[in-house]
Amino acid sequence: MAGTTGPRIDHYQWAGGRELMLRFGPEGPPRVIAALPLFEEGNRTRAAMVDVLRQLAKHGIASALPDLPGTGESLVDTKDATLQAWREAFAAACGQIAGPVHICAWRSGVLVDGQAAAASRWYLSPQSGEPLIRELGRVRELSGGADLAGNLLSSEMLSALALAQPTVTGRLRVVRLDSDIKPADHKLAGRPLWRASEPDTDEQLQSLVADDLAAWVRAQSE
């Protein structure tokens, strides 16, 4: 039912093992699967994403938020994670959900959905791999540490991320904040939560995101 927002704890299987996945909303379609920004930006925006998925449930839209290997509650060490493994795991999580799946990815989260079979994609402020690597490098220089924003990453991961690009084929809606000069299908008022110094939320932005995403998913399902 639409009022059952969740989250409920679930899991998905992929070639490398078993990972946690939070489920929200009703059991039936339509269904959204979410990809957080990578690394520290994901920590800063997780609460906001969870709120958006709860709001989707109130629209009668089911959703899921999977942990990628090496993130969240995963038993995989971050240093052992690869971009290819993330893509395979995310595709497996999508494949475990019956029926058409609509992807909601924020920022660098758009880099992990390339192998997923999706009815549509809804991107918030999509970011390619090269600027992500530059940002991680700047953080490392400022901290004076050997890690990248608290993450020990393999050379394989860094090389793959440097070349990674978002998926631009199929049904795609790109949304950005109104402060962003880059082109978009739609722009929303709100703060860039991924830039905050610690995890944060923006109730107005989250409502705008949920409403726009819900309208997009409904339109693709008609």
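Since this is a predicted model, take the numbers as computed values, not measurements.

Engineer: Would you mind showing me how to read the packing of aromatic side chains here?
Structural biologist: In the structure shown here, the tally under the stated rule is 1 aromatic pair. Here the aromatic rings of F39 and W86 are separated by 5.8 Å at their centres, their planes lie at 55°, and the arrangement is tilted. Residue F39 is located in the loop between β3 (31-35) and α1 (40-58), and its partner W86 is located in helix α2 (residues 83-96); the two are separated by 47 residues in the primary sequence. In terms of burial, F39 and W86 fall into one category: buried.

Engineer: Honestly, the sheet that holds β3 in this entry has me stumped. Any pointers?
Structural biologist: Hydrogen bonding along the main chain pairs the strands of a sheet, whether they run parallel or antiparallel. The sheet built from 8 strands is open, its strands ordered β1-β2-β4-β3-β5-β6-β7-β8 with mixed pairing. A strand with exactly one partner marks an edge of an open sheet, and here the two such strands are β1 (8-14) and β8 (186-188). The average undirected angle you get between the axes of adjacent strands in this sheet is 25°. Both strand β7 (residues 172-177) and β8 contribute to a ladder of 3 bridges, which runs parallel. Within β8, the position partnered with R176 by the bridge is K187.

Engineer: How do you make sense of unusual backbone geometry when you look at a structure like this?
Structural biologist: Most peptide bonds take the trans form, and the phi angle of most residues other than glycine is negative. P30 follows P29 through a cis peptide bond whose omega is -5°. Tracing the backbone through its elements, the reader meets P30 in the loop between β2 (17-24) and β3. For R107, which is not a glycine, the phi torsion comes out positive at approximately 50°. Looking at the secondary structure, you find R107 in the loop between β5 (101-106) and β6 (120-124).

Engineer: Is there a simple way to explain the pattern of salt bridges in this structure?
Structural biologist: For side chains bearing opposite charge, pairing can occur when the charged atoms are close. Within the structure shown, the criterion is met by 14 salt bridges. For E41, the salt bridge identified is with R107, shortest N-O distance 3.1 Å. Placement of the pair is E41 in helix α1 and R107 in the loop between β5 and β6, with a sequence separation of 66 residues. Given the relative accessible area of 8%, R107 is considered buried. In this structure, K79 engages D80 in a salt bridge whose closest nitrogen and oxygen atoms are separated by 3.5 Å. The network of salt bridges with shared partners includes E41, R107, E135 and R195.

Engineer: Before we go on, may I ask you to explain the environment of D212 in this structure?
Structural biologist: Note that D212 resides in helix α5 (residues 203-221). When near neighbours in sequence (up to four residues on either side) are disregarded, D212 contacts W122, R173, V175 and H186. Only 2.9 Å separates the side chain of D212 from the side chain of W122, close enough to count as a polar contact.

Thresholds applied
- Residues numbered from 1 in each chain as written.
- Predicted model: local features only at pLDDT ≥ 70, side-chain atom pairs only at ≥ 80, totals over all residues.
- Heavy atoms only, no water.
- Phe/Tyr/Trp six-rings, centres within 6.5 Å; stacked < 30°, edge-to-face > 60°.
- Helix = DSSP H or I, 4+ residues; strand = E, 2+ residues; numbered from the N terminus.
- Buried < 20%, exposed > 50% of the residue type's maximum accessible area, 1.4 Å probe, protein only.
- Pairing = 2+ DSSP bridges.
- Axes fitted to C-alpha atoms, helices over the stretch in contact; angles between N-to-C directions.
- Salt bridge = Lys/Arg side-chain N within 4 Å of Asp/Glu carboxyl O.
- Contact = heavy atoms within 4.5 Å.
- Polar contact = N/O pair within 3.5 Å; in protein donor to acceptor, adjacent residues only side chain to side chain.

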